[in-house]
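Chain and residue survey
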Amino acid sequence: METLYLILIDPFVQMVDEPSFLVEVLIGGLTSGVMYSLVALGFVLIFKASGIFNFAQGIFVLFAALNFVGLMDLGVHPILAFVITIGIMTALAFAVDRLVLRPLVNQDPIILFMATIGIAFFLEGFGETLWGGDVRPVQVGIPDAALFWELGFGEILVQSADLFAGVIAAFLVTVLALFFHFTPVGRALRAVADDHQAALSVGIPLNNIWVIVWAVAGFVALAAGIMWGAKLGVQFALSTIALKALPVLILGGFTSIPGAIVGGLIVGAGEKLFENFWGVPLLGGATEDWFAYIVAMIFLFFRPQGLFGEKIIERV
Amino acid sequence: MLTKKLVTAGVAAAIAAGAIGVVQAEEGQFIPALTYRTGPYAPGGIPTANGYTDYFHLINQRDGGVNGVKFIVEECEYGYKTDRGVECYDRLKDKHGGATAVSPYSTGTTYALIDKATADKVPILSMGYGRTSAADGRVFPYVFNFPATYWSQATAVMQYIANEMGGLEALKDQRFAFIYLDHPYGKEPIPTFDILAEKFGFTYDKYPVPFATGTEQKSVWLQIRRTKPAYIIMWGWGVMNATAVKEAANIKFDMSKFIGNWWSASEQDVLPAGDGAIGYKGATFNGSGTDYKVFEDMKGMSGLSDDGDRGTVLYNRGMVNAAYIVEAVRLAQEKYGKGKRVTGEQVRWAFENLDLTAENIEALGLTGLMPVTKVTCLNHEGTNPAILIQQWNGKAWEIITDWIPAMTDVVRPLIEQDAAQYAKENNITPRDCSA
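Worth saying up front: this structure is predicted, and the values here are computed from it rather than measured.

The next subject is the interface of chain A and chain B. Listed by partner, the interface residues are 29 residues for chain A and 32 residues for chain B. Breaking the side of chain A that touches chain B down by element, the ones donating at least two residues are α3 (19-50), β2 (154-159), α11 (237-241) and α13 (257-283) of chain A. The greatest single-element share of the side of chain A that touches chain B, amounting to five residues, is contributed by α3(A). Taken together, the residues that form the side of chain A that touches chain B break down as twelve nonpolar, ten polar and seven charged.

This brings us to the domain arrangement of chain B. All names here are of chain B. What the domain assignment reports for chain B is domain 1 (29-149 + 289-307 + 314-384) and domain 2 (151-287 + 388-413). The C-alpha centroid of domain 2 is placed 26 Å from the C-alpha centroid of domain 1. With 23 residues of domain 1 at the interface, the matching set in domain 2 holds 21 residues. Of all elements in the fold, only α2 (42-63), α4 (107-120) and α12 (313-336) reach the threshold of two or more residues within the side of domain 1 that touches domain 2.

All names here are of chain B. Here Ala406 shows up in the loop between β14 (404-405) and α15 (408-425). Using a count of 26 C-beta atoms within 10 Å as the deciding quantity, one classes Ala406 as buried. On a C-alpha basis, the gap between Ala406 and Ile387 in space is 7.5 Å, while along the polypeptide they are 19 residues apart. When residues no more than four places from it in sequence are discounted, the contact partners of Ala406 are Ala148, Ser152, Thr155, Ala156, Pro385, Ala386 and Val411.

This paragraph deals with the pairing of strand β2 (residues 71-77) of chain B. Residue and element names in this part refer to chain B. Across seven bridges, the pairing between strand β1 (residues 29-35) and β2 is parallel. Following the sheet pairing, Ile31 is matched in β2 by Val73. On the question of chirality, the crossover connecting β1 to the parallel β2 by way of α2 is right-handed.

Let's shift gears to helix α5 (residues 78-101) of chain A. All names here are of chain A. Helix length check: α5 (24 residues) gives 32 Å between terminal C-alpha atoms against 34 Å at 1.5 Å per residue, within 8%. Among the residues of α5, Ala81, Phe82, Thr85, Met89, Leu92, Ala93, Val96, Asp97 and Leu101 are the ones counted as buried. In this structure, the buried side of α5 is in contact with α4 (57-73), α6 (109-131) and α10 (206-232).

Definitions and cut-offs
- Residues numbered from 1 in each chain as written.
- Chains lettered and ligands numbered in written order.
- Predicted model: local features only at pLDDT ≥ 70, side-chain atom pairs only at ≥ 80, totals over all residues.
- Contact = placed C-beta atoms within 7 Å.
- Helix = DSSP H or I, 4+ residues; strand = E, 2+ residues; numbered from the N terminus.
- Nonpolar A, V, L, I, M, F, W, Y, C, P; charged D, E, K, R; others polar.
- Domains from an automatic or database assignment.
- Buried ≥ 20, exposed ≤ 12 C-beta atoms within 10 Å, placed from the backbone.
- Pairing = 2+ DSSP bridges.
- Right-handed = clockwise from strand over helix to strand, strands pointing away.
- Expected span 1.5 Å × (residues − 1).

See below:
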């Protein structure tokens, strides 16, 4: 009976009794969700354009951030470090295209997926060899103050870095949406995503497109890496955190940029609400590690293509 | 074709040369170093591993080993993952004539190795971590956790808080927070805190931090902001610590009331938070900085790690760990033959009879770096478990207290009770230590 009370009644009583805590948890969750979305965007870009699920995207985030902060530690100006890192990520995109994708063209998607796992392991080791395993703080002037907002029902705490991440995510989504819809390259990317053979037949150069999309994903990874790095320091846990993008993708759909954002917000808010109002009293906490995956699994039963994904229709 | 054969021959020759090198090296005292220089726990693992391995190199170069017997150190990277830690142990234990002692730097791996190492007669020195009840040497002959266990540390931290608040009576009705890594290591002191809470009438909220990353803490700090604990105690490791210190600073928690255990209070834990970390406190049993004689000896020496970590809390602790092993080897040689390689079994005897006085430590150039330690058959924790409290001033850790003794009257019965339970479950007949 007590358990039922803790599941069905107590959380809602707490929410009504302490609306400021509810708002704080909700804002905390949504801002965490934005951070997950930043990583998920990179996955979506590559999947949308090439049909490859790039398991290495999480490592891309870490690798980009490591290079950026490593260059800064060597005394390079942040703007120059940013530009050089974009160059490194573009070079990486070339290397992936030449060394991994081209030899495997026309192979099953599972083969390409396995190849990206290989890329992930390589980059993790390579990054660590180049820059070491220490936590490196990112100091690029991202606001990091705690803001205490007085609302009618109490005071709430908001991190300015989280708000900044939200602005960056919104900016990236807008730019990417415009890029996909209104530029020739963007349209070519969408054509390749729809049908490789058809795109080739109308003269779209597949390899160039793949390099472009992997480079754009590298750029998004750099933006995500800087935001995560400013929050937690650049560290190897980032690659694990980045895997939180998987349930985000399952919820939002693998091919939808708005889906990545909405999925991220649902996962972020959902896991924080569950942890604070159900997880701590019922299970002793530490539910954030697995909650999002359970939600994603349940979601798969009812809407396997995700909220905004393209429904797979197979005619027989 | 010829080129291919030449390359093959060259590779074969190189492998053979390596093998010869290994055979020659078998004459030394072998130290299997289970390290984690990669992954989320690398920030703590790297300086510890550097200090640990550097000290053996120092002894080899400065003193020519112990009475001429040099140390052979071989690292195995395990990423702080228990299964890989056990694999590393299995891979290394029989190399170079057998392991002298093993220090896994992980409570999870220590737990997993207790039965194996005991069967292999390889002593485990889990210095200030691992299974607390292994302090009962009657049940755990091959496991040592001096200079103090987690349970002793927990009681000493509560004693410090009580001192700050005006005495043990002042703990009554207080609410504290315990934030810990959701891992055997983080959970280890909970039984002690439960008993202390009952004994002194306080309550405490437990906040586990998921192990996979150590950084999923937003909810923890929202809860802490809500419950407003009088003090926070942290049992963290790796990036969890830096994240927690940063989050505490973000919610404007009074950092002087935030106390980490001795694996949660190093430079790596406070630097990422910048000035926000000023005032944060932590337990320790070893000094930091390079103002010790031993560091003079290291200057200009080749083959050591780069000196970036030298003098940090964890680097120095790694050195202290190695120094305990070196002194145990020295003691074992005195009993079993000077200038001869000693076995794990003989080093076990030496650990159990270790008596490092202030004079011994002075002679080693380690005064202020390691505590006076006396181990017995009955008590593998050492006979005077205690902690120092240090505080971060923005540039360095400053020791702000004298030694605070553990509440051994609370801890020792718990240790014996838990060890007896373990003995019963594993059909172990406890040794007689009265002789």
